[in-house]
Protein chains: 2
Amino acid sequence: MSQPTVVTVGADMFADAVAGQAVDVERVDWRPPMPGTESDLATVATDARRPEANRRAVEAMLGVTAHLVDVAPASEVLGLEKGQFLHAGPPITWDRASGPLRGALMGGAALEGLVDDPEDAVALFESGSSVTLEPCHHRSAVGPMAGVVTPSMWMWVLEDRATGRRTYCSLNEGLGKVLRYGAYSPEVLTRLRWMGDVLGPLLQAAVRGTDEATDVTGILTQMLQMGDEAHNRNRAGTLMLLRDLSPAMVASLETGGFAGKDVADALRFVGGNDHFFLNLAMPACKLALDAGRDVPGSTMVVAMARNGTDFGIQVSGTGDEWFTGPAQVAEGLFLGDYGPDDANPDIGDSAITETAGIGGFAMATAPAIVRLVGGSVPDALATTRRMHEITLAENPRWSVPVLEFQGTPTGIDVTKVCRTGILPQINTGMAGAVAGVGQVGAGLVTPPAEIFPKALAALAARVPT
Amino acid sequence: MSQPTVVTVGADMFADAVAGQAVDVERVDWRPPMPGTESDLATVATDARRPEANRRAVEAMLGVTAHLVDVAPASEVLGLEKGQFLHAGPPITWDRASGPLRGALMGGAALEGLVDDPEDAVALFESGSSVTLEPCHHRSAVGPMAGVVTPSMWMWVLEDRATGRRTYCSLNEGLGKVLRYGAYSPEVLTRLRWMGDVLGPLLQAAVRGTDEATDVTGILTQMLQMGDEAHNRNRAGTLMLLRDLSPAMVASLETGGFAGKDVADALRFVGGNDHFFLNLAMPACKLALDAGRDVPGSTMVVAMARNGTDFGIQVSGTGDEWFTGPAQVAEGLFLGDYGPDDANPDIGDSAITETAGIGGFAMATAPAIVRLVGGSVPDALATTRRMHEITLAENPRWSVPVLEFQGTPTGIDVTKVCRTGILPQINTGMAGAVAGVGQVGAGLVTPPAEIFPKALAALAARVPT
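Per-chain numbering applies: the sequence of each chain, read as written, is numbered from 1 onward. The order in which chains are written sets their letters, starting at A; the order in which ligands are written sets their numbers, starting at 1. In view of the model being predicted, local features appear only for residues whose pLDDT reaches at least 70, and side-chain atom pairs are presented and counted only at 80 or more, with totals across whole chains, interfaces and linings using the full set of residues. With hydrogens and water excluded, all non-hydrogen atoms of the structure serve as input to the side-chain values.

**Quick word on the confidence of the model for chain A**
No. 1: On a scale of 0 to 100, pLDDT captures the predictor's confidence in every residue. Of the residues in chain A, 98% reach a pLDDT of 70 or more, and the chain-wide mean stands at 95.
No. 2: Predicted complex metrics record ipTM = 0.92 and pTM = 0.93.

As structure tokens, then:
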């Protein structure tokens, strides 16, 4: 006689009643889709192009290897001119900009000599006559936190050698009172000037003088085996970068006219900043995701970015359109006496790491991060497992040893997010809400739920009838 | 009415029968003690000195912080003279020495100019007239694998500043064809000469020129959060060492008369050898364990070491006596075409890491290591949990994030090993059995069980009556 097995879906009451009669129950975890998405879900889910389009988008993304090929000023590699400012996230104007973005723009204006005192830049940006704001993403760049890039800032240049495509990111300043967290005090500007005068040129000499270009994608592979998730832990990555560049930095002493003190200072600066590699992880993720853009019918998210006011996503099948909603305030741990009231809403292009399947999506491989962003170790493991429910693939090059080398959950699917209601998990630094404050903490945050139904609607509107 | 709960011990049959009647069962994992140890266990377990003695030994061990204070030739810091050779493990003579130990001694004799051709050293060691063999441990030193130290080799010098005690270890050569695995070809000797002529002096200049002495114990704390268990994974540790020493290495260009090429070569050599830090982890562990020596009544193991023929342990309560048995062959993964028949029995002082609670004891924090030494990720997690059953303490400074920051299992208790039959888990490199071959693989191994009852008997004999 065969035993009956009952499959139950949804609420537990029925399953419990059946189990109480000693019948085997297979429980299926089911939740209703996000409200109002039923019709668009039906349209997009039955779009015949979707499986192949997503396969192509994923394959293109996973096929990219990012090599570090140069370091150079933004004026040279991005054609950025005096008065042009890049910033993180979707497009925004000064009047809607949050405190940390304003603070970073004010500091950037002083750095470029547009004003002597950063405070004087407020009038400049309010008038808007000689300055422009533009998202980093619109110039193949990404910027952490405020993400402000000015012409004199030196940029990492990453290249996909198969296609020649390039992405860019500024050099990381460290933590605390730094421009990207909205601080603009004299110490911030002094550090930025040293980075422009010494660190940038020295890194350029080292990158140009290193025989084999550093494989940033490969370093990310190693980092995930070394407790880094490459968003808020970049310790091992930073150390591997130092390992790869330091011999050529030493060689530049004899060939490039640098002083021993400059090289020693640079080694100490990079070695003392565990987040230094973040600014290479981010453009490596963007380089991969950009390869998955513009595939008609693909529901894969290719960018998640925040400007401190709005959270925006872009999706492969909908071109350059941003779907935006209000950025949320992270929950987490605070520095010193700061608390939740001091924190600005979510800001920065760094969620490009989660978009590519690392950062919050790979927290299982970096359990020590809970000491920085909060939560528990079991939460960190569960988060990575949960993200597999809303992604299209596992990345075979980026694996999580403690999950028996399972690939990271990669390629967020707008359809799956709307279908399950599970939101992408991001871990992030928190900037002070007031311009000039700098970092106040780090924590966990999600996008505003509403942007996924918006993207789904746009995808549905493009499905051929 | 209260439900009955039954506590069962030992075999499962009774527990299963009770559980079958719907009674709650609390199963206690119980095994008989090692055969023949019952009487000694009763004597040692009831020794009134034991709890306090072990508390003192553990506290002394955990209280040590190892600082890197110098790098200098063995002739200077150990007073080693021409013809004197140190080796890993308990004392042994040439006639009982295994292939890799013989190979390393032959190469060492050539390095010191005692012979021109390493093959000619066989006669030298057979005669024994102008050469002596002595364990590293007898000179406050430790050596990985064959562990051969000769007067001209440069040694790391670690110090416990609270007491001025010091320990020593040679510089790591890398993997494959290297002296410590028993290889002695010209490339091996050329590398050792470069290490003596360039690397050693340069590291000495860097260590002496670094303002704040490197805290090796603190680096070990960080490594355990970065996927290293500090025996067969030392990647993060090696990178942190480079970070700490490279600025002073650069400064030595101007003050120490070194060439830029030497510094760049040294940075590449260290950066290209993920095991470089092992030779700092080992003496840091010895420095801590030595503080726990010679506490009357303590059953804590203070050294586990192998010479390729014998596996020996020393115990706090029994002074310098070695308890030895035959070294076992590891099970694991092999390089190239090598297989189990090519492997020498277990060799090296590196099991000092397990003695101190890392290495095999901390495999849970380094799941990627199963790709090197074999086994599975669940095994790695289970191993660390199991080692808590035979240890006296958890190390608050060395924690395992994925086990919710539980301290590593520290201080092997001879009593607990005999009582449970659980043997310490060691992970290890495998040397070829034939002198000259070098490394053939890496794997997992335990001490021979018999040495723990031997140590227990010696402890029992010292219990006051």
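**Overview of the interface of chain A and chain B**
No. 1: In what follows, a contact means two residues having at least one pair of non-hydrogen atoms within 4.5 Å. At the junction of the two partners, chain A supplies 33 residues and chain B supplies 33 residues.
No. 2: Buried area is calculated as the accessible area (1.4 Å probe) missing from two parts once they are joined, with the contributions of both summed. For the chain A and chain B pair, buried surface summed over both sides reaches about 2,900 Å², with 70% attributable to carbon and sulfur atoms.
No. 3: Three residues, Met226(A), Leu239(A) and Phe405(A), lead the burial of chain A against chain B; their summed loss comes to 20% of the area buried on that side.
No. 4: Any Lys or Arg side-chain nitrogen located within 4 Å of an Asp or Glu carboxyl oxygen qualifies as a salt bridge. The tally of links from chain A across to chain B stands at zero salt bridges.
No. 5: Any pair of N or O atoms that falls within 3.5 Å is considered a polar contact. Within protein, one atom must be able to donate a hydrogen and the other to accept it, and sequence-neighbouring residues count only if both atoms are side-chain atoms. If you look at where chain A meets chain B, you find two residue pairs in polar contact (both at pLDDT 80 or more).
No. 6: Residue polarity follows a fixed list, in which Ala, Val, Leu, Ile, Met, Phe, Trp, Tyr, Cys and Pro are nonpolar, Asp, Glu, Lys and Arg are charged, and the others, Gly among them, are polar. Across the side of chain A that touches chain B, the residue classes break down as 20 nonpolar, six polar and seven charged.

**Describing the relation of the copies chain A and chain B**
No. 1: The fit set for superposing copies consists of C-alpha atoms from residues with pLDDT of at least 70 in both; the fit itself is least squares. Each copy superposes on the other: chain A lies on chain B with an RMSD of 0.0 Å after a rotation of 180° and an axial shift of 0.0 Å. Interpreted geometrically, this transformation is the action of a two-fold axis. Among all residues of chain A, the one whose C-alpha sits closest to the rotation axis is Met226(A), at a distance of 2.2 Å.
No. 2: Residue by residue, 100% of the interface of chain A is reproduced at the interface of chain B, so both copies engage with the same surface.

**Considerations on the environment of Lys261(B)**
Residue and element names in this part refer to chain B.
No. 1: Runs of E in the DSSP output that reach at least two residues are strands. Runs of H or I that reach at least four are helices, and both are numbered from the N terminus. Here Lys261 is to be found in helix α10 (residues 260-271).
No. 2: C-alpha of Lys261 to C-alpha of Gln314: the two residues are 53 residues apart in sequence and 45 Å apart in space.
No. 3: Here Asp265 takes part through its side chain, which lies 2.5 Å from a polar atom of the side chain of Lys261.

**Re the sheet that holds strand β7 (residues 165-170) of chain A**
Residue and element names in this part refer to chain A.
No. 1: Whether two strands pair depends on DSSP finding at least two bridges between them. Ordered by their spatial adjacency, three strands build an open sheet running β3-β6-β7, and the pairing between neighbours is antiparallel. This sheet does not close on itself; its edge strands, each paired only once, are β3 (66-73) and β7. Across this sheet, the average inter-strand angle for adjacent strands is 30°, counted without regard to direction.
No. 2: As paired elements, strand β6 (residues 154-160) and β7 share six bridges and run antiparallel to each other. In this analysis an axis means a line fitted to C-alpha atoms, helices contributing only their contacting stretch, and an angle means the value between N-to-C directions, from 0 to 180 degrees.

**A look at a negative patch on the surface**
All names here are of chain A.
No. 1: Residues enter patches when they are more than 30% accessible in relative terms and free of salt bridges; like-charged ones are connected within 9 Å and nonpolar ones (Val, Leu, Ile, Met, Phe, Trp, Tyr) within 5 Å. Residue-level accessible areas treat just the shown protein chains as cover; the underlying method is Shrake-Rupley with a 1.4 Å probe. Positive charges are assigned to Lys and Arg, negative charges to Asp and Glu, while His and the chain termini are left out of the count. Lys charges are placed at NZ, Arg charges at CZ, Asp charges at CG and Glu charges at CD. Residues Asp116, Asp117, Glu119 and Asp120 make up a contiguous surface patch of negative charge.
No. 2: In this fold, Asp116 is placed in the loop between α5 (99-111) and α6 (121-127).
No. 3: For the exposure calls, accessible area comes from a 1.4 Å probe over protein chains only, and a residue counts as buried if that area is under 20% of its type's maximum, exposed if over 50%, partly exposed in between. Judged by relative accessible area, Asp116 falls into the exposed class, the value being 78%.

**Overview of the state of the cysteines**
All names here are of chain B.
No. 1: When two cysteine sulfur atoms are found within 2.5 Å, that pair is recorded as a disulfide. Applying the stated criterion across every chain, the model contains zero disulfides over all chains.
No. 2: In this structure Cys136 is a free cysteine whose sulfur lies 7.6 Å from that of Cys169, the closest cysteine sulfur available.
No. 3: With no disulfide of its own, Cys285 lies 11 Å from the sulfur of Cys169, the closest cysteine sulfur.
No. 4: Accessibility expressed as a relative area gives 0% for Cys285, which makes it buried.

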